[in-house]
Amino acid sequence: MYLFLVAFILLQCLAPGAFSAEQYYKVMVDEAYLELHTGPGRGYPVFYVVDRGMEIEVIKRRTDWFMVRTEKGKEGWAKRADMELTLTPAGEKTLFAEAGFGDFSRRRWEAGVMAGDFEGADVMTVYAAYAMTPNFSAELSVSQVFGDFSDAYIGSINLISQPFPEWRLSPYFSVGGGVIYTDPKVTLVDENDRTEQIGSVGIGARWYLTRRFILRAEYKNHVIFQDKDDNQEIDEWKAGLAFFF
Amino acid sequence: MESRLGIFLLKSISVLTFFSVLSGCSLLRVDDAPYEDSEPVIKPELERRTITEADIDSEDFEAGVFVGVMSIEDFGSNVVYGGRLAYHITEDFFTEAAIGRTKADKTSFEDLSGGAEILSDSQRELTYYNISLGYNILPGEAFIGKGHAYNSALYVIAGIGNTDFADDNHFTVNVGAGYRFLLTDWIALRADFRDHIFDSDLLGKDKTTHNLEATAGISFFF
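Since the model is a prediction, treat every value here as computed from it, not as a measurement.

### A word on the overall build of chain B
A tally of regular secondary structure across chain B gives three helices and nine strands. Reading the helices (α) and strands (β) of chain B from amino to carboxyl end gives α-α-β-β-β-β-α-β-β-β-β-β. Burial status across chain B gives 27% buried among its 222 residues. For chain B, contacts bridging at least 24 residues in sequence account for 51% of all contacts bridging at least 6.

Here it is, written out as C-alpha coordinates:
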(Lines give C-alpha, C1' and ligand atoms only; values in the text may rest on other atoms or scores of the structure.)
Protein backbone atom coordinates (compact mmCIF):
# COMPACT_ATOMS: atom_id res chain seq x y z
CA MET A 1 0.00 0.00 0.00
CA TYR A 2 2.78 2.38 1.02
CA LEU A 3 4.83 1.52 -2.00
CA PHE A 4 1.79 1.94 -4.19
CA LEU A 5 1.13 5.38 -2.75
CA VAL A 6 4.72 6.51 -3.34
CA ALA A 7 4.63 5.16 -6.89
CA PHE A 8 1.30 6.82 -7.43
CA ILE A 9 2.51 10.22 -6.21
CA LEU A 10 5.65 9.91 -8.32
CA LEU A 11 3.53 9.11 -11.35
CA GLN A 12 1.37 12.13 -10.67
CA CYS A 13 4.42 14.35 -10.53
CA LEU A 14 6.06 12.90 -13.60
CA ALA A 15 3.11 12.37 -15.86
CA PRO A 16 2.51 15.85 -17.32
CA GLY A 17 6.21 16.61 -17.80
CA ALA A 18 7.16 13.18 -19.02
CA PHE A 19 4.59 12.98 -21.75
CA SER A 20 4.31 16.61 -22.87
CA ALA A 21 7.43 16.26 -25.03
CA GLU A 22 5.55 13.92 -27.34
CA GLN A 23 2.51 16.13 -27.71
CA TYR A 24 1.91 18.13 -30.83
CA TYR A 25 -0.86 20.24 -32.20
CA LYS A 26 -3.18 18.00 -34.20
CA VAL A 27 -5.28 18.84 -37.23
CA MET A 28 -7.44 16.79 -39.60
CA VAL A 29 -7.16 16.90 -43.39
CA ASP A 30 -10.43 18.25 -44.79
CA GLU A 31 -9.59 18.66 -48.47
CA ALA A 32 -9.31 15.75 -50.91
CA TYR A 33 -5.64 15.50 -49.99
CA LEU A 34 -2.74 17.37 -48.41
CA GLU A 35 0.59 17.48 -50.24
CA LEU A 36 3.78 16.90 -48.31
CA HIS A 37 7.03 18.34 -49.67
CA THR A 38 10.49 17.10 -48.74
CA GLY A 39 11.53 20.56 -47.56
CA PRO A 40 10.14 23.90 -46.44
CA GLY A 41 9.83 25.55 -49.86
CA ARG A 42 7.74 25.34 -53.01
CA GLY A 43 10.76 24.07 -54.98
CA TYR A 44 11.10 20.90 -52.93
CA PRO A 45 9.27 17.96 -54.50
CA VAL A 46 5.98 16.52 -53.25
CA PHE A 47 6.68 13.00 -52.05
CA TYR A 48 3.49 12.04 -50.23
CA VAL A 49 -0.17 12.94 -50.02
CA VAL A 50 -2.31 12.64 -46.92
CA ASP A 51 -5.93 11.62 -47.51
CA ARG A 52 -9.01 13.41 -46.29
CA GLY A 53 -10.00 12.54 -42.75
CA MET A 54 -6.49 11.64 -41.64
CA GLU A 55 -5.14 13.27 -38.51
CA ILE A 56 -1.69 14.87 -38.66
CA GLU A 57 0.60 16.20 -35.95
CA VAL A 58 2.26 19.56 -36.49
CA ILE A 59 5.87 19.17 -35.36
CA LYS A 60 7.27 22.60 -36.15
CA ARG A 61 7.07 25.64 -38.35
CA ARG A 62 9.67 27.37 -40.54
CA THR A 63 8.58 30.61 -42.20
CA ASP A 64 5.28 29.68 -43.89
CA TRP A 65 5.85 25.93 -43.87
CA PHE A 66 4.85 23.32 -41.33
CA MET A 67 6.57 20.03 -40.67
CA VAL A 68 3.87 17.44 -40.02
CA ARG A 69 3.75 13.77 -39.15
CA THR A 70 0.99 11.48 -40.40
CA GLU A 71 -0.63 8.64 -38.47
CA LYS A 72 1.58 6.30 -40.48
CA GLY A 73 4.70 8.14 -39.33
CA LYS A 74 5.52 9.95 -42.60
CA GLU A 75 7.13 13.34 -41.99
CA GLY A 76 7.06 16.15 -44.52
CA TRP A 77 6.45 19.84 -45.03
CA ALA A 78 3.08 21.40 -45.89
CA LYS A 79 2.55 25.03 -46.83
CA ARG A 80 0.47 27.39 -44.75
CA ALA A 81 -2.26 27.86 -47.35
CA ASP A 82 -2.83 24.09 -47.42
CA MET A 83 -2.70 23.80 -43.64
CA GLU A 84 -5.53 26.32 -43.41
CA LEU A 85 -7.76 23.85 -45.23
CA THR A 86 -7.50 21.48 -42.30
CA LEU A 87 -9.75 21.28 -39.24
CA THR A 88 -8.75 21.74 -35.62
CA PRO A 89 -9.65 19.06 -33.05
CA ALA A 90 -12.69 21.23 -32.23
CA GLY A 91 -13.83 20.93 -35.85
CA GLU A 92 -13.09 24.52 -36.80
CA LYS A 93 -11.03 25.84 -39.68
CA THR A 94 -7.35 26.04 -38.78
CA LEU A 95 -5.92 29.55 -38.97
CA PHE A 96 -2.25 30.44 -38.82
CA ALA A 97 -0.82 33.89 -38.49
CA GLU A 98 0.09 35.32 -41.87
CA ALA A 99 2.01 38.48 -42.39
CA GLY A 100 0.27 40.84 -44.74
CA PHE A 101 -0.53 44.46 -45.23
CA GLY A 102 -2.93 44.37 -42.29
CA ASP A 103 -0.09 43.29 -40.05
CA PHE A 104 2.06 46.15 -41.31
CA SER A 105 -0.18 48.77 -39.77
CA ARG A 106 -0.58 46.68 -36.61
CA ARG A 107 3.05 45.62 -36.31
CA ARG A 108 4.70 45.50 -32.90
CA TRP A 109 8.38 44.89 -33.65
CA GLU A 110 10.43 46.12 -36.52
CA ALA A 111 14.15 45.69 -37.25
CA GLY A 112 16.27 46.89 -40.12
CA VAL A 113 19.47 48.14 -41.63
CA MET A 114 20.05 51.46 -43.38
CA ALA A 115 23.03 53.00 -45.11
CA GLY A 116 23.69 56.45 -46.47
CA ASP A 117 25.50 59.72 -46.13
CA PHE A 118 26.44 61.46 -42.88
CA GLU A 119 27.77 64.89 -43.83
CA GLY A 120 29.97 63.40 -46.54
CA ALA A 121 30.93 60.24 -44.67
CA ASP A 122 29.45 56.77 -45.12
CA VAL A 123 27.05 55.68 -42.40
CA MET A 124 25.51 52.36 -41.52
CA THR A 125 22.66 51.95 -39.03
CA VAL A 126 21.07 48.95 -37.37
CA TYR A 127 17.85 49.52 -35.48
CA ALA A 128 15.00 47.85 -33.65
CA ALA A 129 11.68 49.53 -32.94
CA TYR A 130 8.67 48.73 -30.82
CA ALA A 131 5.27 50.22 -31.63
CA MET A 132 3.44 51.27 -28.50
CA THR A 133 0.41 52.38 -30.52
CA PRO A 134 -0.13 52.37 -34.30
CA ASN A 135 0.96 56.02 -34.29
CA PHE A 136 3.92 55.97 -31.93
CA SER A 137 6.95 53.79 -31.74
CA ALA A 138 10.21 53.83 -29.79
CA GLU A 139 13.37 52.99 -31.62
CA LEU A 140 16.83 51.99 -30.50
CA SER A 141 19.52 52.48 -33.11
CA VAL A 142 23.27 52.07 -33.43
CA SER A 143 25.22 53.72 -36.26
CA GLN A 144 28.76 53.53 -37.45
CA VAL A 145 30.19 56.47 -39.41
CA PHE A 146 33.18 55.95 -41.72
CA GLY A 147 34.81 59.37 -42.17
CA ASP A 148 38.00 60.42 -43.88
CA PHE A 149 39.51 61.89 -40.73
CA SER A 150 37.60 60.11 -38.01
CA ASP A 151 35.25 57.26 -37.37
CA ALA A 152 32.26 57.54 -35.09
CA TYR A 153 29.67 55.41 -33.36
CA ILE A 154 26.24 56.74 -32.44
CA GLY A 155 23.80 55.15 -30.06
CA SER A 156 20.39 56.78 -29.85
CA ILE A 157 16.80 56.43 -28.77
CA ASN A 158 14.16 57.91 -31.06
CA LEU A 159 10.47 58.53 -30.73
CA ILE A 160 8.67 58.14 -34.02
CA SER A 161 5.28 59.52 -34.87
CA GLN A 162 3.49 58.03 -37.83
CA PRO A 163 0.32 60.02 -38.54
CA PHE A 164 -1.06 57.66 -41.21
CA PRO A 165 -0.21 54.10 -40.16
CA GLU A 166 -2.76 52.65 -42.59
CA TRP A 167 -1.08 54.08 -45.69
CA ARG A 168 1.11 51.83 -47.78
CA LEU A 169 3.60 54.66 -48.19
CA SER A 170 3.56 56.11 -44.73
CA PRO A 171 5.47 59.24 -43.70
CA TYR A 172 6.83 59.74 -40.20
CA PHE A 173 8.60 62.23 -38.00
CA SER A 174 11.24 61.48 -35.44
CA VAL A 175 12.96 63.10 -32.51
CA GLY A 176 15.77 61.49 -30.66
CA GLY A 177 18.82 61.77 -28.52
CA GLY A 178 21.91 59.81 -27.68
CA VAL A 179 25.66 59.81 -27.61
CA ILE A 180 28.28 59.97 -30.31
CA TYR A 181 31.73 58.54 -29.80
CA THR A 182 34.29 59.98 -32.20
CA ASP A 183 37.58 58.26 -32.85
CA PRO A 184 39.92 60.45 -34.94
CA LYS A 185 42.43 58.69 -37.15
CA VAL A 186 45.54 59.32 -35.08
CA THR A 187 47.91 59.26 -38.00
CA LEU A 188 46.14 62.16 -39.67
CA VAL A 189 44.79 64.37 -36.92
CA ASP A 190 46.25 64.87 -33.51
CA GLU A 191 43.05 64.70 -31.53
CA ASN A 192 41.71 62.63 -28.68
CA ASP A 193 38.71 60.30 -28.68
CA ARG A 194 35.64 62.05 -27.43
CA THR A 195 32.09 61.24 -26.40
CA GLU A 196 29.42 63.88 -26.86
CA GLN A 197 25.67 64.16 -26.70
CA ILE A 198 23.72 64.23 -29.91
CA GLY A 199 20.14 65.20 -30.64
CA SER A 200 18.19 64.87 -33.84
CA VAL A 201 14.97 65.64 -35.66
CA GLY A 202 14.02 63.75 -38.77
CA ILE A 203 11.47 63.08 -41.44
CA GLY A 204 11.10 59.92 -43.45
CA ALA A 205 8.81 57.35 -44.94
CA ARG A 206 8.16 53.65 -44.81
CA TRP A 207 6.95 51.80 -47.84
CA TYR A 208 5.33 48.42 -47.29
CA LEU A 209 6.75 46.03 -49.91
CA THR A 210 5.26 42.59 -49.34
CA ARG A 211 4.91 39.99 -46.61
CA ARG A 212 7.12 41.23 -43.79
CA PHE A 213 9.27 43.68 -45.73
CA ILE A 214 9.48 47.45 -45.51
CA LEU A 215 11.60 49.92 -47.43
CA ARG A 216 12.54 52.91 -45.38
CA ALA A 217 14.25 56.22 -46.15
CA GLU A 218 14.87 59.23 -43.96
CA TYR A 219 16.56 62.56 -43.52
CA LYS A 220 17.86 63.63 -40.13
CA ASN A 221 19.30 66.83 -38.84
CA HIS A 222 21.66 66.18 -35.96
CA VAL A 223 23.07 68.59 -33.45
CA ILE A 224 26.20 67.51 -31.62
CA PHE A 225 26.52 69.31 -28.30
CA GLN A 226 30.25 69.87 -28.26
CA ASP A 227 32.50 70.81 -25.40
CA LYS A 228 33.87 73.55 -27.63
CA ASP A 229 32.02 76.82 -28.16
CA ASP A 230 29.83 75.87 -31.09
CA ASN A 231 27.39 73.08 -31.62
CA GLN A 232 27.92 71.15 -34.77
CA GLU A 233 25.02 70.52 -37.16
CA ILE A 234 25.03 67.47 -39.37
CA ASP A 235 22.76 66.36 -42.22
CA GLU A 236 22.19 62.67 -42.66
CA TRP A 237 20.42 60.89 -45.52
CA LYS A 238 19.89 57.19 -45.55
CA ALA A 239 17.72 54.38 -46.85
CA GLY A 240 17.39 50.71 -46.09
CA LEU A 241 15.41 47.56 -45.70
CA ALA A 242 13.48 46.43 -42.67
CA PHE A 243 11.16 43.65 -41.67
CA PHE A 244 8.54 43.43 -38.98
CA PHE A 245 7.33 40.61 -36.76
CA MET B 1 -33.66 -4.66 17.44
CA GLU B 2 -30.82 -3.49 19.57
CA SER B 3 -28.37 -5.72 17.78
CA ARG B 4 -29.62 -4.37 14.42
CA LEU B 5 -29.11 -0.82 15.66
CA GLY B 6 -25.69 -1.88 16.93
CA ILE B 7 -24.77 -3.30 13.54
CA PHE B 8 -26.04 -0.14 11.82
CA LEU B 9 -23.98 2.01 14.15
CA LEU B 10 -20.93 -0.17 13.61
CA LYS B 11 -21.41 0.05 9.87
CA SER B 12 -21.78 3.83 10.02
CA ILE B 13 -18.66 4.14 12.11
CA SER B 14 -16.66 1.89 9.84
CA VAL B 15 -17.86 3.77 6.73
CA LEU B 16 -17.03 7.11 8.37
CA THR B 17 -13.63 5.82 9.40
CA PHE B 18 -13.04 4.56 5.89
CA PHE B 19 -13.87 7.95 4.41
CA SER B 20 -11.85 9.86 6.96
CA VAL B 21 -8.86 7.64 6.20
CA LEU B 22 -9.44 8.32 2.54
CA SER B 23 -9.63 12.05 3.04
CA GLY B 24 -6.51 11.81 5.17
CA CYS B 25 -4.75 10.09 2.29
CA SER B 26 -5.98 12.69 -0.10
CA LEU B 27 -3.80 15.24 1.69
CA LEU B 28 -0.82 13.40 0.31
CA ARG B 29 -2.05 13.66 -3.21
CA VAL B 30 -1.19 16.29 -5.73
CA ASP B 31 -4.69 16.89 -7.03
CA ASP B 32 -8.15 16.06 -5.72
CA ALA B 33 -9.28 13.49 -8.26
CA PRO B 34 -11.09 10.58 -6.59
CA TYR B 35 -8.73 7.97 -5.32
CA GLU B 36 -10.63 5.20 -7.08
CA ASP B 37 -9.68 6.71 -10.47
CA SER B 38 -6.01 6.11 -9.83
CA GLU B 39 -5.60 3.70 -12.73
CA PRO B 40 -6.50 5.91 -15.72
CA VAL B 41 -5.37 9.14 -14.05
CA ILE B 42 -2.59 9.79 -16.56
CA LYS B 43 -4.89 9.85 -19.52
CA PRO B 44 -7.35 12.55 -18.46
CA GLU B 45 -4.35 14.61 -17.37
CA LEU B 46 -3.04 14.51 -20.94
CA GLU B 47 -6.31 15.30 -22.60
CA ARG B 48 -7.00 18.23 -20.38
CA ARG B 49 -3.89 20.04 -21.66
CA THR B 50 -4.97 21.91 -24.74
CA ILE B 51 -2.33 22.55 -27.35
CA THR B 52 -2.90 25.59 -29.46
CA GLU B 53 -1.40 26.92 -32.64
CA ALA B 54 0.89 29.12 -30.55
CA ASP B 55 2.56 26.00 -29.12
CA ILE B 56 3.98 25.04 -32.51
CA ASP B 57 7.71 25.38 -32.34
CA SER B 58 9.04 27.89 -34.91
CA GLU B 59 12.52 27.34 -36.25
CA ASP B 60 13.30 30.49 -38.19
CA PHE B 61 16.78 31.18 -36.82
CA GLU B 62 19.99 29.61 -38.03
CA ALA B 63 23.32 29.95 -36.20
CA GLY B 64 26.63 28.61 -37.31
CA VAL B 65 30.40 28.79 -37.53
CA PHE B 66 32.67 28.74 -40.55
CA VAL B 67 36.30 28.46 -41.55
CA GLY B 68 38.02 29.04 -44.86
CA VAL B 69 40.44 31.15 -46.81
CA MET B 70 40.32 34.89 -47.34
CA SER B 71 42.49 36.84 -49.71
CA ILE B 72 43.20 40.45 -48.73
CA GLU B 73 44.10 42.46 -51.82
CA ASP B 74 47.90 42.99 -51.94
CA PHE B 75 48.32 41.12 -48.65
CA GLY B 76 48.05 37.47 -49.60
CA SER B 77 45.65 34.80 -48.40
CA ASN B 78 45.16 33.39 -44.97
CA VAL B 79 42.81 31.33 -42.86
CA VAL B 80 39.56 33.09 -41.96
CA TYR B 81 37.11 31.96 -39.31
CA GLY B 82 33.91 33.36 -37.88
CA GLY B 83 30.28 32.94 -36.95
CA ARG B 84 26.91 33.92 -38.29
CA LEU B 85 23.30 34.22 -37.25
CA ALA B 86 20.48 34.19 -39.78
CA TYR B 87 16.77 34.82 -39.56
CA HIS B 88 14.61 33.26 -42.23
CA ILE B 89 11.91 35.78 -43.04
CA THR B 90 10.18 33.81 -45.79
CA GLU B 91 11.03 30.61 -47.62
CA ASP B 92 12.98 32.77 -50.11
CA PHE B 93 14.58 35.54 -48.06
CA PHE B 94 16.83 35.50 -45.04
CA THR B 95 18.88 38.13 -43.26
CA GLU B 96 22.21 37.26 -41.84
CA ALA B 97 24.70 38.91 -39.49
CA ALA B 98 28.24 37.60 -39.68
CA ILE B 99 31.57 38.29 -38.08
CA GLY B 100 34.90 36.99 -39.32
CA ARG B 101 38.58 37.33 -38.65
CA THR B 102 41.74 36.74 -40.63
CA LYS B 103 45.32 37.98 -40.79
CA ALA B 104 47.19 39.72 -43.59
CA ASP B 105 50.40 38.30 -44.99
CA LYS B 106 53.18 40.42 -46.44
CA THR B 107 52.82 42.28 -49.70
CA SER B 108 55.12 41.30 -52.57
CA PHE B 109 56.99 44.53 -51.96
CA GLU B 110 57.69 43.61 -48.35
CA ASP B 111 58.93 40.20 -49.41
CA LEU B 112 61.18 41.52 -52.18
CA SER B 113 62.64 44.44 -50.26
CA GLY B 114 63.71 42.18 -47.44
CA GLY B 115 63.23 44.33 -44.35
CA ALA B 116 60.63 47.06 -44.93
CA GLU B 117 57.36 46.41 -43.11
CA ILE B 118 54.26 48.37 -44.01
CA LEU B 119 52.15 47.11 -41.12
CA SER B 120 52.87 46.05 -37.58
CA ASP B 121 51.76 42.65 -36.37
CA SER B 122 48.61 43.92 -34.68
CA GLN B 123 47.70 46.02 -37.74
CA ARG B 124 47.67 42.86 -39.82
CA GLU B 125 44.61 41.58 -37.98
CA LEU B 126 41.50 41.96 -40.11
CA THR B 127 38.06 41.73 -38.51
CA TYR B 128 34.87 42.24 -40.43
CA TYR B 129 31.20 42.24 -39.58
CA ASN B 130 28.26 42.60 -41.90
CA ILE B 131 24.51 42.36 -42.25
CA SER B 132 23.24 40.86 -45.47
CA LEU B 133 20.09 39.85 -47.24
CA GLY B 134 20.06 36.43 -48.90
CA TYR B 135 17.76 34.94 -51.49
CA ASN B 136 17.41 31.19 -51.92
CA ILE B 137 17.52 29.92 -55.48
CA LEU B 138 17.39 26.48 -57.12
CA PRO B 139 15.99 24.52 -54.18
CA GLY B 140 15.90 20.77 -54.60
CA GLU B 141 17.14 17.43 -53.47
CA ALA B 142 20.70 16.23 -53.74
CA PHE B 143 21.24 12.49 -53.93
CA ILE B 144 24.08 10.54 -52.42
CA GLY B 145 24.13 6.99 -53.73
CA LYS B 146 20.85 5.23 -54.30
CA GLY B 147 19.11 5.52 -50.97
CA HIS B 148 19.89 8.98 -49.61
CA ALA B 149 18.28 12.26 -50.57
CA TYR B 150 19.04 15.58 -48.91
CA ASN B 151 17.46 18.98 -49.28
CA SER B 152 19.71 21.68 -50.62
CA ALA B 153 19.58 25.14 -52.14
CA LEU B 154 21.86 27.75 -53.58
CA TYR B 155 21.59 31.30 -52.37
CA VAL B 156 22.79 34.69 -53.49
CA ILE B 157 23.60 37.23 -50.83
CA ALA B 158 24.62 40.87 -50.51
CA GLY B 159 25.07 43.23 -47.63
CA ILE B 160 26.93 46.02 -45.92
CA GLY B 161 29.24 46.18 -42.97
CA ASN B 162 32.56 47.21 -41.55
CA THR B 163 36.06 45.92 -42.08
CA ASP B 164 38.57 46.81 -39.41
CA PHE B 165 42.02 46.50 -41.00
CA ALA B 166 45.33 48.30 -40.46
CA ASP B 167 43.91 50.44 -37.63
CA ASP B 168 41.17 51.75 -39.87
CA ASN B 169 37.47 51.08 -40.33
CA HIS B 170 36.26 50.64 -43.89
CA PHE B 171 32.66 50.75 -45.01
CA THR B 172 32.33 47.44 -46.82
CA VAL B 173 29.89 46.02 -49.32
CA ASN B 174 29.77 42.25 -49.67
CA VAL B 175 28.30 40.17 -52.49
CA GLY B 176 28.43 36.46 -53.00
CA ALA B 177 26.72 33.13 -53.31
CA GLY B 178 26.58 29.94 -51.36
CA TYR B 179 25.24 26.44 -51.06
CA ARG B 180 23.22 25.08 -48.16
CA PHE B 181 23.05 21.32 -47.76
CA LEU B 182 20.67 20.06 -45.09
CA LEU B 183 21.85 16.95 -43.28
CA THR B 184 18.64 16.85 -41.26
CA ASP B 185 15.78 19.31 -41.09
CA TRP B 186 17.80 21.38 -38.59
CA ILE B 187 21.50 20.82 -39.36
CA ALA B 188 22.99 22.39 -42.48
CA LEU B 189 26.40 22.30 -44.13
CA ARG B 190 27.30 25.47 -45.98
CA ALA B 191 29.80 26.56 -48.58
CA ASP B 192 30.03 30.30 -49.12
CA PHE B 193 31.89 32.53 -51.57
CA ARG B 194 32.00 36.23 -50.88
CA ASP B 195 33.65 39.35 -52.22
CA HIS B 196 34.24 42.04 -49.59
CA ILE B 197 34.64 45.36 -51.37
CA PHE B 198 36.04 48.43 -49.63
CA ASP B 199 38.11 51.51 -50.42
CA SER B 200 41.61 51.65 -49.03
CA ASP B 201 44.46 54.16 -49.24
CA LEU B 202 46.91 51.93 -47.44
CA LEU B 203 49.39 51.72 -50.32
CA GLY B 204 49.48 55.44 -51.05
CA LYS B 205 46.52 56.10 -53.30
CA ASP B 206 42.79 55.53 -52.94
CA LYS B 207 41.56 52.39 -54.57
CA THR B 208 38.69 49.95 -54.35
CA THR B 209 39.87 46.58 -53.09
CA HIS B 210 38.25 43.21 -53.68
CA ASN B 211 38.82 40.73 -50.94
CA LEU B 212 37.66 37.25 -51.84
CA GLU B 213 36.64 34.71 -49.28
CA ALA B 214 35.72 31.04 -49.54
CA THR B 215 34.44 29.26 -46.45
CA ALA B 216 32.81 26.05 -45.32
CA GLY B 217 30.64 25.88 -42.27
CA ILE B 218 27.98 24.14 -40.26
CA SER B 219 24.82 25.71 -38.95
CA PHE B 220 21.84 24.81 -36.83
CA PHE B 221 18.22 25.91 -37.07
CA PHE B 222 16.41 26.79 -33.87
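### Some remarks on the overall build of chain A
Each helix and strand in chain A was counted, giving three helices and 15 strands. For chain A, with 245 residues in total, the buried portion stands at 29%. Of the contacts formed within chain A by residues at least 6 apart in sequence, a portion of 44% connects residues at least 24 apart.

### Let's talk about the sheet that holds strand β13 (residues 194-208) of chain A
All names here are of chain A. Overall, antiparallel pairing links the eight strands, which are arranged β8-β9-β10-β11-β12-β13-β14-β15 in a closed barrel. Pairwise comparison of adjacent strand axes, ignoring direction, gives a mean angle of 25° for this sheet. Across 10 bridges, strand β9 (residues 121-131) lies against strand β10 (residues 136-146) in antiparallel orientation. Within the sheet, the bridge partner assigned to M124 lies in β10 and is Q144.

### Comments concerning the pairing of strand β15 (residues 232-244) of chain A
Along a regular strand, successive side chains alternate from one face of the sheet to the other. Residues and elements named next belong to chain A. Of the pairings in the sheet, the one linking strand β8 (residues 109-118) to β15 comprises nine bridges and is antiparallel in character. Looking at β15, one finds that E110 is bridged to F244. In terms of strand pairing, strand β14 (residues 213-225) meets β15 through 12 bridges, oriented antiparallel. From the neighbouring strand, A217 faces β15, where its bridge partner is A239.

### So, the environment of R106 of chain A
Positionally, R106 of chain A belongs in the loop between α3 (101-105) and β8. Residues R106 of chain A and D64 of chain A lie 42 residues apart in sequence; the distance between their C-alpha atoms is 19 Å.

### Let's talk about the pairing of β14 of chain A
Taken together, the 12 bridges between β13 of chain A and β14 of chain A define a ladder with antiparallel strand orientation. By the bridge assignment for β14 of chain A, Q197 of chain A is matched with F225 of chain A.

### As for the environment of R211 of chain A
With respect to the helices and strands, R211 of chain A occurs in the loop between β13 and β14. In the structure, R211 of chain A is positioned 111 residues away from G100 of chain A in sequence and 5.1 Å away in space, judged by C-alpha atoms.

### Here we look at the domain arrangement of chain A
Domain parsing of chain A yields domain 1 (23-98) and domain 2 (103-244). Each of domain 1 of chain A and domain 2 of chain A was reduced to a C-alpha centroid, and the two centroids are 42 Å apart.

### A word on the sheet that holds strand β7 (residues 168-182) of chain B
Residue and element names in this part refer to chain B. An order of β2-β3-β4-β5-β6-β7-β8-β9 is seen for the eight strands of this closed barrel, with the pairing classed as antiparallel. Recorded for the sheet is a direction-independent mean angle of 25° between the axes of neighbouring strands. In this sheet, strand β4 (residues 93-103) lies alongside strand β3 (residues 77-88) in antiparallel orientation, the contact comprising eight bridges. Along β4, the bridge assignment pairs G82 with G100.

### Here we look at unusual backbone geometry
Not every positive phi belongs to a glycine, and T63 of chain A is a case in point at roughly 45°. Counting through the fold element by element, T63 of chain A comes out in the loop between β4 (55-62) and β5 (65-70). The backbone of D167 of chain B sits at a positive phi, close to 60°, despite the residue not being glycine.

### Here's the deal with the confidence of the model for chain A
Taken residue by residue, chain A gives an average pLDDT of 84. The fraction at 70 or more is 87%. Considering only residues more than four positions removed or in separate chains, one finds that residues 12-20 of chain A, a stretch of pLDDT under 50, has eight contacts.

### Observations regarding the confidence of the model for chain B
Residues and elements named next belong to chain B. Confidence along chain B averages 82 in pLDDT terms, with 76% of residues attaining 70 or more. Averaged over each element, pLDDT in chain B is lowest for helix α2 (residues 42-48) (49) and highest for strand β2 (residues 61-71) (96). Here residues 20-34 scores under 50 on pLDDT; set against residues more than four positions off or in separate chains, the count is 12 contacts. Confidence drops under pLDDT 50 across residues 44-48; counting only partners more than four residues distant or on other chains, this segment forms three contacts. Interface confidence in the predicted complex, given as ipTM, is 0.70; pTM for the same model is 0.72.

### Focus: the environment of F243 of chain A
Secondary-structure assignment places F243 of chain A in strand β15. Once residues within four sequence positions are removed from consideration, F243 of chain A is found in contact with A111, G112, R212, F213 and I214 of chain A together with I89 of chain B.

Parameters at a glance
- Residues take numbers from 1 onward in each chain, read along the sequence in its written order.
- Chain letters and ligand numbers both follow the written order, the letters beginning at A and the numbers at 1.
- Two thresholds apply to this predicted model, a pLDDT of at least 70 for residue-level local features and 80 or more for giving and counting side-chain atom pairs, whereas whole-chain, interface and lining totals are computed over all residues.
- What counts as a helix is a DSSP run of H or I of at least four residues, what counts as a strand is a run of E of at least two, and both are numbered from the N terminus.
- Note on burial: count the other C-beta atoms lying within 10 Å of the residue's C-beta; 20 or more is buried, 12 or fewer is exposed, in between is partly exposed, and C-beta positions come from the backbone.
- Here, residue contact means that the backbone-derived C-beta atoms of the two residues sit within 7 Å.
- In this scheme, strands are said to pair when DSSP sees at least two bridges between them.
- Lines fitted to the C-alpha atoms define the axes, with helices restricted to the stretch that makes contact. Angles between their N-to-C directions range from 0 to 180 degrees.
- How far each domain reaches was decided by an automatic or database domain assignment.
- Each residue gets a pLDDT score, which is the predictor's confidence in that residue and runs from 0 to 100.

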